[in-house]
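Chain and residue survey
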Amino acid sequence: MTPSPDAHRRTTTALLREALNAQPGDDITLDTLLVPLRTRAFGVLLLVLAIPNFIPVPIGIGGVMGVLVIVLGFQMLIGLDHPLVPARLRRKTMRRARVEAFLDRSAKVMHWLERWCKPRLTGITMRPWSSLSGLALMILGLLLSLPIPFTNYPFGVILLAFAFALIERDGMLLVGFWVLSIVLLVLSLMFSHALVHEMQHMLQLF
C-alpha cells in the first residue's frame with residue numbers, strides 16, 4: 001500500500017525541534033530557528049510574534065507586536081523570499097530550556113492545528129499570491145495595534161493559526177484568512193464609526 005503524502009510530512013513541531021536539536025548550547029538565538037527553516041521563515045517568525053499574546057505581558061505589548069506583524073506583512077507584500085530581521089534581534093538569545101518548555105506545554109494545541117493544516121492549494125502560498133497574505137497580515141497587525149480591550153488573545157489565536165498555515169503551506173486556509181482580515185477590517189471601521197457617532201451625540205446633550 002502506498003503511504004499517504006501526510007505520512008512523510010514534517011510537521012511544524014518536528015521542524016522546530018529539529019532546528020533546536022541542530023544547535024548546541026544552552027542559549028539559542030532567533031537565527032537558530034529561522035536559518036534552518038529559511039523557506040518557512042515567515043511562518044516561524046509569525047509564530048514567535050503570536051506567543052506574547054498568550055502570556056502575561058505589560059500593557060501595550062499588543063501595539064508593539066502589531067507593528068512588527070505589519071512590518072512582516074509588508075515584507076511579504078513586496079515579495080521578499082524570507083523576512084529581513086535586524087541583526088540585533090537575530091542575535092538576541094533565549095534559553096533553550098524555556099523554548100523546549102513552551103513546545104512541551106503547547107504540544108496539544110500545536111498537534112490540533114497540525115491536524116487541520118496540511119499542504120493544500122500550495123501554489124497560493126507562493127508569489128504573486130503570497131502578496132495577498134502579506135496584505136492580510138498588515139490588516140491584522142493594524143487591528144492588533146489598536147487599543148481595543150480584550151483583543152490580544154483572539155488576535156493571537158488568529159496569528160497562531162495563520163503562522164501554521166504559512167509553515168504547512170495550506171493555501172486553502174490562507175484564503176480563509178484573506179477573507180477574515182477584510183471582514184474584521186470592515187467590522188472595525190463600522191464599530192469606530194458607530195463609536196464616534198455615539199460620542200458626538202453624548203457631547204450634544206451637554
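Since we're looking at a predicted model, the values are computed, not measured.

Check the secondary structure of the protein and you find 10 helices and 2 strands. Taken from the N to the C terminus, the helices and strands of the protein come in the order α-β-α-α-α-α-β-α-α-α-α-α. Taking all 206 residues of the protein together, the buried fraction comes to 38%. Of the contacts formed within the protein by residues at least 6 apart in sequence, a portion of 79% connects residues at least 24 apart. A total accessible area of about 12500 Å² is found for the protein, and carbon and sulfur atoms account for 69% of it.

Tracing the sequence through the fold places Leu 68 in helix 4 (residues 61-77). Using a relative accessible area of 34% as the deciding quantity, one classes Leu 68 as partly exposed. Sequence-wise, Leu 68 and Leu 142 are 74 residues apart; in three dimensions their C-alpha atoms are separated by 9.8 Å.

Here the focus is the packing of aromatic side chains. Scanning the entire structure with this criterion turns up 2 aromatic pairs. Ring centres 6.5 Å apart and planes at 15° place the aromatic pair Trp 129 and Trp 178 in the stacked group. Taken as a pair, Trp 129 in the loop between helix 7 (107-116) and helix 8 (130-145) and Trp 178 in helix 10 (residues 171-205) lie far apart in primary sequence, 49 residues in all. The exposure class assigned to Trp 178 is buried, which follows from its relative accessible area of 14%. Ring centres 4.9 Å apart and planes at 15° place the aromatic pair Phe 162 and Phe 177 in the stacked group. Placement of Phe 162 in helix 9 (residues 152-168) and of Phe 177 in helix 10 is noted, with a sequence separation of 15 residues between them.

Here the focus is the confidence of the model for the protein. Per-residue pLDDT for the protein has a mean of 76; in total, 77% of the residues score no lower than 70. Within the protein, the lowest mean pLDDT, 72, falls on helix 2 (residues 30-34), and the highest, 88, falls on helix 8. A low-confidence stretch, residues 1-8 stays under pLDDT 50, and its non-local contacts, those more than four residues away or across chains, total 2 contacts.

Moving on, we come to a nonpolar patch on the surface. Together, Phe 74, Leu 77, Ile 78, Trp 129, Leu 132 and Leu 135 make up an exposed nonpolar region whose accessible area comes to about 540 Å². Broken down by secondary-structure element, the contributors of at least two residues to the nonpolar patch are helix 4 and helix 8. On the accessibility criterion, Leu 77 (32% relative accessible area) is partly exposed.

Attention now goes to the pattern of salt bridges. Side chains that differ in sign of charge can pair as their charged atoms come close. A complete count under the given rule lists 2 salt bridges for this structure. Across the pair Asp 81 and Arg 127 runs a salt bridge, and its minimum N-O distance is 3.2 Å. Here the residue Asp 81 occupies a position in the loop between helix 4 and helix 5 (87-90), and Arg 127 occupies one in the loop between helix 7 and helix 8, the gap between them amounting to 46 residues. For the pair formed by Asp 81 and Arg 127, the shared burial category is exposed. When the shortest N-O distance is used, the salt bridge between Asp 170 and Arg 120 registers 2.5 Å. One end of the pair, Asp 170, is in the loop between helix 9 and helix 10; the other, Arg 120, is in the loop between helix 7 and helix 8, and 50 residues separate them in sequence.

Those residues of helix 6 (residues 96-105) that fall on the buried side of the exposure criterion are Arg 96, Val 99 and Leu 103. An end-on view of helix 6 places all buried positions within 70° of arc, on one side of the element. Every exposed residue of helix 6 that faces more than 90 degrees away from the buried side is listed here: Ala 97, Arg 98, Asp 104 and Arg 105.

Parameters at a glance
Residues numbered from 1 in each chain as written. Predicted model: local features only at pLDDT ≥ 70, side-chain atom pairs only at ≥ 80, totals over all residues. Heavy atoms only, no water. Helix = DSSP H or I, 4+ residues; strand = E, 2+ residues; numbered from the N terminus. Buried < 20%, exposed > 50% of the residue type's maximum accessible area, 1.4 Å probe, protein only. Contact = heavy atoms within 4.5 Å. Areas by Shrake-Rupley, 256 points an atom, 1.4 Å probe, with all protein chains shown as cover. Phe/Tyr/Trp six-rings, centres within 6.5 Å; stacked < 30°, edge-to-face > 60°. pLDDT = per-residue confidence, 0-100. Patch = residues over 30% accessible without salt bridge, like charges linked within 9 Å, V, L, I, M, F, W, Y side chains within 5 Å. Salt bridge = Lys/Arg side-chain N within 4 Å of Asp/Glu carboxyl O. Arc of directions from axis to C-beta.

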